[in-house]
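Report on the structure
Below are the chains, spelled out letter by letter.
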Amino acid sequence: MPTHTRTAGEPAVEGRTRTRVLVITSVASLMVVLDALVVATALTAIRTDLGASLAELEWTVNAYGLSFAVLLMTAAAVGDRWGRRKVFAAGVAVFAGASLVCAAAPDVGTLIAGRLLQGAGAAFVMPLALALLSSAFPGQLRPRALGVFASVSGVAVPLGPLVGGSVVAGVSWQWIFWINVPIGAALAFLALAKIGESRGPDGAVDVPGLVLAGAGTFGLMWALVQGGVVPAVAGVAALVSFVVRERRAAHPMLPLHLFRSRRFSAANVVIFFHWAPRSGWCSSWRSSCRRGSGTGRWPRDSRWRRGD
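Helices and strands together make up the secondary structure of the chain, namely 14 helices and two strands. Buried positions account for 43% of the 308 residues belonging to the chain. Nonlocal contacts in the chain, meaning residues at least 24 apart in sequence, comprise 81% of its contacts between residues at least 6 apart. Accessible area for the chain stands at about 14,900 Å²; split by element, carbon and sulfur atoms hold 66% of it.

Written out as structure tokens, the structure reads:
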């Protein structure tokens, strides 16, 4: 098992190790993105088996995205301090354990809790997968590696409905979660055994920054999922406070001077437009739940309107 810890400034690894890093991180990203999408195809079966209401079906979709968005920046900061490989493997293990909870859920409340935990695990996988790739590949090879990574995870978009529908129709909806358990266990083991450790250049954790970023993201996501002006305003206020905090912090979790670089800013814009359509939380949850009602439209039954 690799034990040497590299910092951001050390030379990238070579040869087979690079390939291992690319394969492990790409498969992990495919697993977490795929699971964000396949559940929409299982909503009708979940409603039938667990007696879920419309509101509960919404949360089986939205809980994943909520915890994922809130913990994303926290995960990156924790990985820089305690080791990207260890935190990445922990995220994969949490995701696999949460999948087990979802698969064995006796009721919809347990399923929603499992989905919330899945999103948390995914938040610790995606940013650290990119960090591990950047650490493993030198500058001239990095764009190609990131392109492969993005292509593999992007395959989840067309595969999600196909795989989800096939599994639900051929076996049962629980298997869209069961399949993650052995895959996640294997990936966590391989990450610890085959990937060298790396850390960020600054090990300090900006706790106030983490709190403000998490609160701001939660407020905005809650407003998108549940509606309401107050959560949106509170989220914006927290994010503005976060920016002010990062300008003054001795060890900012997001150094704002990086955005002076056109290359850095452009890369972030590209990443946003690459991942936003793949998650699709803002535009797809209503249509997903309409399909879950089994009617293809908003249910008119009063039980569904009340969310009972």
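Right, picking up where we left off after that structure.
What follows covers the packing of aromatic side chains. Summed over the entire model, instances satisfying the criterion amount to five aromatic pairs. Taken together, a centroid distance of 5.4 Å and an interplanar angle of 40° make the contact between W59 and W222 tilted. With W59 in helix 3 (residues 54–82) and W222 in helix 10 (residues 207–226), this residue pair connects regions lying 163 residues apart in the sequence. In this structure W59 comes out as buried when scored by relative accessible area, which is 17%. Assessed through its relative accessible area of 31%, W222 is described here as partly exposed. Their ring planes at 90° and their centres at 6.4 Å tell us that Y64 and F95 sit as a pair that is edge-to-face. In this pair, Y64 sits in helix 3 while F95 sits in helix 4 (residues 84–103), placing the two residues 31 residues apart along the sequence. Residue classification places Y64 among the buried positions, given a relative accessible area of 3%. Assessed through its relative accessible area of 0%, F95 is described here as buried.

The terminal C-alpha atoms of helix 11 (residues 229–248), which comprises 20 residues, lie 29 Å apart, in line with the 28 Å expected from a rise of 1.5 Å per residue. Buried within helix 11 we find G235, A238, F242 and E246. End-on, the buried residues of helix 11 take up no more than an arc of 75°, which puts them together on one face. In helix 11, those exposed residues whose orientation departs by more than 90 degrees from the buried face are V229, V230, V233, R247 and R248. On its buried side, helix 11 packs onto helix 3 and helix 10.

A separate point is the pattern of salt bridges. Under the counting rule described, the total for this entry stands at two salt bridges. R115 is the salt-bridge partner of D35, the closest N and O atoms lying 3.7 Å from each other. Here D35 is found in helix 1 (residues 15–38), whereas its partner R115 is found in helix 5 (residues 108–136), with 80 residues between them in sequence. Given a relative accessible area of 2%, D35 falls into the buried group. Classification of R115 by relative accessible area gives buried; the value is 0%. Its salt-bridge partner being R84, residue D80 comes within 3.2 Å of it at the nearest N-O pair. Classification of R84 as buried rests on a relative accessible area of 9%.

Right, let's talk about the packing of helix 1 against helix 7 (residues 156–170) for a bit. Angle between the axes and distance between the axes: these two values describe a pair of packed helices. Running from amino to carboxyl end, helix 1 crosses helix 7 at an angle of 55°, the nearest separation of the two axes being 8 Å. By the angle between their directions, the pair helix 1 and helix 7 is classed as oblique. Handedness of the crossing formed by helix 1 with helix 7: right-handed. Contacts between helix 1 and helix 7 involve L30, V33, L34, L37 and V38 on the former and, on the latter, A156, V157, L159, G160 and G164. Looking at the contact of helix 1 with helix 7 residue by residue, the class counts come to eight nonpolar, two polar and no charged.

A contiguous nonpolar patch, built from V23, V27, I179 and I183 and spanning about 290 Å² of accessible area, is present on the exposed surface. Mapped onto the elements, V27 comes out in helix 1.

Below, the discussion takes up the side chain of S26. Its place among the elements puts S26 in helix 1. For S26, a relative accessible area of 4% translates into the label buried. Ignoring any residue separated from it by four or fewer positions in sequence, one finds S26 in contact with F149 and V152.

Within the largest apolar cluster, 59 residues are counted, with the highest numbers of intra-cluster contacts made by V32, I46, F88, V92, L111, W173 and F177. Per-element tally for this core: the top contributor is helix 5, with 12 residues. Ranked by size, the runner-up nonpolar core spans five residues in total, among them A77, L210, A213 and F242.

Turning our attention to helix 7. Taking 1.5 Å as the rise per residue, helix 7 with 15 residues should run 21 Å; its terminal C-alpha atoms sit 19 Å apart, in good agreement. Listed as buried for helix 7 are A156, G160, G164 and V168. For helix 7, the angular spread of the buried residues around the axis is 75°, confining them to a single face. Those residues of helix 7 that are exposed and angled more than 90 degrees off the buried face are P158, L162, A169 and G170. Contact partners of the buried residues in helix 7: helix 1, helix 2 (43–50), helix 6 (142–154) and helix 8 (175–178).

What counts as what
- Residues numbered from 1 in each chain as written.
- Predicted model: local features only at pLDDT ≥ 70, side-chain atom pairs only at ≥ 80, totals over all residues.
- Heavy atoms only, no water.
- Helix = DSSP H or I, 4+ residues; strand = E, 2+ residues; numbered from the N terminus.
- Buried < 20%, exposed > 50% of the residue type's maximum accessible area, 1.4 Å probe, protein only.
- Contact = heavy atoms within 4.5 Å.
- Areas by Shrake-Rupley, 256 points an atom, 1.4 Å probe, with all protein chains shown as cover.
- Phe/Tyr/Trp six-rings, centres within 6.5 Å; stacked < 30°, edge-to-face > 60°.
- Expected span 1.5 Å × (residues − 1).
- Arc of directions from axis to C-beta.
- Salt bridge = Lys/Arg side-chain N within 4 Å of Asp/Glu carboxyl O.
- Axes fitted to C-alpha atoms, helices over the stretch in contact; angles between N-to-C directions.
- Parallel < 35°, antiparallel > 145°, perpendicular 65-115°, else oblique.
- Left-handed = near helix turned anticlockwise from the far one by under 90°.
- Nonpolar A, V, L, I, M, F, W, Y, C, P; charged D, E, K, R; others polar.
- Patch = residues over 30% accessible without salt bridge, like charges linked within 9 Å, V, L, I, M, F, W, Y side chains within 5 Å.
- Core = buried A, V, L, I, M, F, W, Y, C linked by side-chain atoms within 4.5 Å.

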